[in-house]
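Here is what each chain is made of, one letter per residue.
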Amino acid sequence: MPYSGEHTLRNRHRFTKTASDPVPIPEESIEKAISILKSGRLFRYGEETGVMSEAALLERDFAGYMAMPYAAAVNSCGCALFLALKALGVKPGDDVLCNSFTLAPVPGAIVHAGANLKTVDITGRLAVDLEDLERKIEQSDAKVFLLSHMRGHFGDVSEIIDLCDRYGVSVVEDCAHTLGADWAGRKIGTYGAISCFSAQTFKHINSGEGGVIATRDPELAAKIILMSGSYMLYPQSGAAPPLEVFEPLRDRMPNFSMRMSSLTAAIIRPQLTELPAWIKQWNSLYKRIEAKLSDVPGLRIIPRLNDEHYVGSSIQFCVENLDSDRRNAFVQSAKEHGVFLKAFGAERTDGFTSRYDQWLYAPAQERLQRTDSILSGLMDMRIALSFTLEDCDIIAAVIRESLEDVYQR
Ligand SMILES: *Cc1c(COP(=O)(O)O)cnc(C)c1O
């Protein structure tokens, strides 16, 4: 009997919405964007000083949101990571560490800086394996660890920071999926020397493209602002250190032209006000799916620590003991019933998945056994703010039935 026919007979659940519905653009953002367009002042700097552009206002507001003194608005998180590495003095040929579970813009930023990527293993929580981190610090000359809180998993960040501090290694936090998250009451993005955020459509704030950098180090902040391409108009920045910090640096920093436009900033700024409500909604949807999947045989939800206050904008789980044919059949069965899962173990990375053994532009990495075994069964699904709790129940039912389906074959 044909595959789909069987399912019709069994009357399976079917999900009909899309998980790739973007984060909504508030009305206020739209009005601001239109007024910027009408004014023609899309570029963030003017030659006359005294007026704060939307980009400068975003820097001010973002620094306020993060309770950090300095922020710089740039054109993507990937560029933010690159600028962070440059500001920390990473030179071509230097080793830079990063956790193995991350997205392609992270190795991309390291390669962009001409540095030598070295991957660090992960744990079953998708957090950094501290033992491997210590080993890699000892075995390399890395002075920077690019800590990617991939898909919003971070574990005990303070342990990672303590370890890096002991070795004099600076931490850059990749907060693309952790804007609004905290560890033990302290915001993710306030632990490292520099933190980088994304406003790409599928992150927590949406301007299509965009990035923000935060730091509490005045010299790093000045370097980043200059390198982002401020020309000598940096006094118009919105959350910058005092002008005398720029003085010795202003002619020494190259301009990499990675600024954010005022149009982008105008779209983002009102979203910071909406964010706390969005986070509540994401987490209630996440917890519903998590609860409904908690007793599915052969499925392991990625566990969270009590102090790990994440933003549930996507959910990850592992299917265990499935060979690659059955894993593919599971993904296919879910897809035929409207649930789009991304499999990190697939032969080829696809869409927004990324695996360290497939970054052929970087030096070949030693095999990481734990990463390999975790990623082989790792599934990933976006959670859209347009979902309802009932949608979550249907999604979980589709996942459960798809797994039962492949187990029965
Ligand atoms: C999206 C993402 C980035 C890059 O963000 P862009 O703004 O698209 O450059 C970096 N790291 C992680 C973990 C991401 O998910």
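Coordinates for the structure precede this section.
Predicted model only: the values in this text are computed from it and were never measured. (Residues numbered from 1 in each chain as written. Predicted model: local features only at pLDDT ≥ 70, side-chain atom pairs only at ≥ 80, totals over all residues. Heavy atoms only, no water.)

Draft legend 1. Inspection of the overall build of the chain at higher detail. Across its full length, the chain holds 13 helices and 14 strands. Its C-alpha atoms give the chain a radius of gyration of 22 Å, near enough to 22 Å, the size a compact globule of 409 residues would have. Expressed as lengths along the three principal axes of its C-alpha atoms, the size of the chain is roughly 75 × 55 × 35 Å. When burial is assessed residue by residue, the chain has 56% of its 409 residues classed as buried. Accessible area of the chain: about 16,900 Å², with a carbon and sulfur share of 52%. (Helix = DSSP H or I, 4+ residues; strand = E, 2+ residues; numbered from the N terminus. Rg over C-alpha atoms; globule rule 2.2 N^0.38 Å. Buried < 20%, exposed > 50% of the residue type's maximum accessible area, 1.4 Å probe, protein only. Areas by Shrake-Rupley, 256 points an atom, 1.4 Å probe, with all protein chains shown as cover.)

Draft legend 2. Quick look at the site of the ligand. Residues in contact with the ligand amount to 15 residues; listed here are only the nearest, Cys77, Gly78, Asp174, Ser198 and Lys203. Take His177: an N or O atom from its side chain is 3.5 Å from an oxygen atom of the ligand. About the coverage of the ligand: the protein hides 92% of its 380 Å² of free accessible area. Contributing elements (two or more residues each) for the shell around the ligand: helix 4 (77-87) and helix 5 (105-112). Looking at the shell around the ligand residue by residue, the classes come out as six nonpolar, seven polar and two charged. (Near = heavy atom within 4 Å. Polar contact = N/O pair within 3.5 Å; in protein donor to acceptor, adjacent residues only side chain to side chain. Nonpolar A, V, L, I, M, F, W, Y, C, P; charged D, E, K, R; others polar.)

Draft legend 3. Region of the structure containing the packing of aromatic side chains. Enumeration over the complete set of coordinates arrives at nine aromatic pairs. A centroid spacing of 5.1 Å and a plane angle of 80° characterise the contact between Phe82 and Phe256, whose relative ring orientation is edge-to-face. Within this pair, whereas Phe82 is found in helix 4, its partner Phe256 is found in the loop between helix 9 (243-246) and helix 10 (262-293), the two being separated by 174 residues in sequence. Judged by its relative accessible area of 3%, Phe82 falls in the buried class. Assessed through its relative accessible area of 27%, Phe256 is described here as partly exposed. Judged by centre distance (4.8 Å) and plane angle (55°), the rings of Tyr286 and Tyr310 are tilted. Residue Tyr286 is found in helix 10, and its partner Tyr310 is found in the loop between strand 11 (308-309) and strand 12 (314-319); the two are separated by 24 residues along the sequence. (Phe/Tyr/Trp six-rings, centres within 6.5 Å; stacked < 30°, edge-to-face > 60°.)

Draft legend 4. Spatial organisation of a nonpolar patch on the surface. Residues Ile25, Ile30 and Ile34 make up a contiguous nonpolar surface patch of roughly 220 Å² in combined accessible area. Within the secondary structure, Ile34 is located in helix 2 (residues 27-39). (Patch = residues over 30% accessible without salt bridge, like charges linked within 9 Å, V, L, I, M, F, W, Y side chains within 5 Å. Salt bridge = Lys/Arg side-chain N within 4 Å of Asp/Glu carboxyl O.)

Draft legend 5. Summary view of helix 7 (residues 157-166). When helix 7 is considered as a whole, its buried residues turn out to be Val157, Ile160, Ile161, Leu163 and Cys164. Burial along helix 7 is one-sided: seen end-on, the buried residues are contained in an arc of 160°. Seen from the open side of helix 7, the exposed residues pointing more than 90 degrees away from its buried face are Asp165 and Arg166. Packing partners of the buried residues in helix 7 comprise helix 6 (130-139), strand 4 (144-148), strand 5 (170-174) and strand 6 (182-183). The first or second residue beyond helix 7 is Gly168, which carries a positive phi of 70°. (Arc of directions from axis to C-beta. Contact = heavy atoms within 4.5 Å.)

Draft legend 6. A look at the state of the cysteines. Evaluation of the coordinates by the stated rule reveals zero disulfides. Of all cysteine sulfurs in the structure, the one in Cys164 sits closest to Cys98, which takes part in no disulfide; the separation is 13 Å. (Disulfide = S-S within 2.5 Å.)

Draft legend 7. Structural detail: the nonpolar core. Residues Leu133, Phe145, Phe317 and Phe330 are the most contacted members of the largest nonpolar core, which totals 82 residues. Element by element, the count of residues in this core is highest for helix 10, at eleven residues. Counting residues in each nonpolar core, the second largest holds 41 residues, with Val96, Val144, Ala222 and Ala362 among its members. (Core = buried A, V, L, I, M, F, W, Y, C linked by side-chain atoms within 4.5 Å.)

Draft legend 8. Main features of the pairing of strand 5. Of all five residues in strand 5, four are buried, a share of seventy percent or more. The pairing of strand 4 with strand 5 spans five bridges and is classified as parallel. Considered in strand 5, the bridge of Phe145 is made with Val171. Regarding the hand of the β-α-β motif, the stretch spanning strand 4, helix 7 and strand 5 is right-handed. As paired strands, strand 5 and strand 8 (residues 194-198) are joined by three bridges and run parallel to one another. What sits directly across from Asp174, in strand 8, is Cys196. (Pairing = 2+ DSSP bridges. Right-handed = clockwise from strand over helix to strand, strands pointing away.)

Draft legend 9. Inspection of the packing of helix 3 (residues 54-66) against helix 10 at higher detail. Running from N to C, helix 3 and helix 10 point in directions that differ by 25°, and their axes come no closer than 7 Å. Viewed along their axes, helix 3 and helix 10 adopt a mutual orientation that is roughly parallel. Crossing hand, helix 3 versus helix 10: left-handed. Judged by residue contacts, Glu54, Ala55, Leu57, Leu58, Arg60, Asp61, Phe62 and Tyr65 of helix 3 engage Ser262, Ala265, Ala266, Ile268, Arg269, Leu272, Leu275 and Ile279 from helix 10. (Axes fitted to C-alpha atoms, helices over the stretch in contact; angles between N-to-C directions. Parallel < 35°, antiparallel > 145°, perpendicular 65-115°, else oblique. Left-handed = near helix turned anticlockwise from the far one by under 90°.)

Draft legend 10. Quick peek at the pairing of strand 14 (residues 378-382). Of all five residues that make up strand 14, five are buried, and the element is covered over most of its length. Side chains of strand 14 alternate between two faces, with Leu378, Asp380 and Arg382 and Met379 and Met381 buried alike. Two elements, strand 12 and strand 14, share five bridges in a ladder whose sense is antiparallel. In the sheet register, Cys318 faces strand 14, and the bridge partner there is Leu378. Bridge count for strand 13 (residues 342-343) against strand 14 is two bridges, and the pairing is antiparallel. Looking at strand 14, one finds that Lys342 is bridged to Asp380.

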